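Coordinates in review
If you want the building blocks of each chain, they are given just below.
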Amino acid sequence: MKKSLKNYDDLNVTEKRISYLLGARLRETDRVKNAMKKQDGIRKKHPAPEGWDSASVIRSWRETR
């Protein structure tokens, strides 16, 4: 009888660990989605000026190092 209780306890612990991991993944996904929404909102409020080429600006900054 003890053997079956031990197996049950092991299964219970494993089940709890999996639920924690799944919950952590979901929370992380929510944080990423919220960050993306904030970034999109900022982009809408502050559009890039016409003729702005961010790649060339970044390249020039890197070359001046």
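Residues numbered from 1 in each chain as written. Predicted model: local features only at pLDDT ≥ 70, side-chain atom pairs only at ≥ 80, totals over all residues. Heavy atoms only, no water.

1. A closer look at the overall build of the chain
Of regular secondary structure, the chain possesses 2 helices and 0 strands. Residues counted as buried form 3% of the 65 residues belonging to the chain. (Helix = DSSP H or I, 4+ residues; strand = E, 2+ residues; numbered from the N terminus. Buried < 20%, exposed > 50% of the residue type's maximum accessible area, 1.4 Å probe, protein only.)

2. Looking at the pattern of salt bridges
Scanning all chains against the criterion turns up 1 salt bridge. With a closest N to O distance of 3.3 Å, Asp40 and Arg43 form a salt bridge. With a gap of 3 residues between them, Asp40 and Arg43 both fall in helix 1 (residues 2-45), about one helical turn apart. Take Asp40: its relative accessible area is 40%, and that puts it in the partly exposed class. (Salt bridge = Lys/Arg side-chain N within 4 Å of Asp/Glu carboxyl O.)

Purely geometric stuff here, so don't read any function into it on its own.
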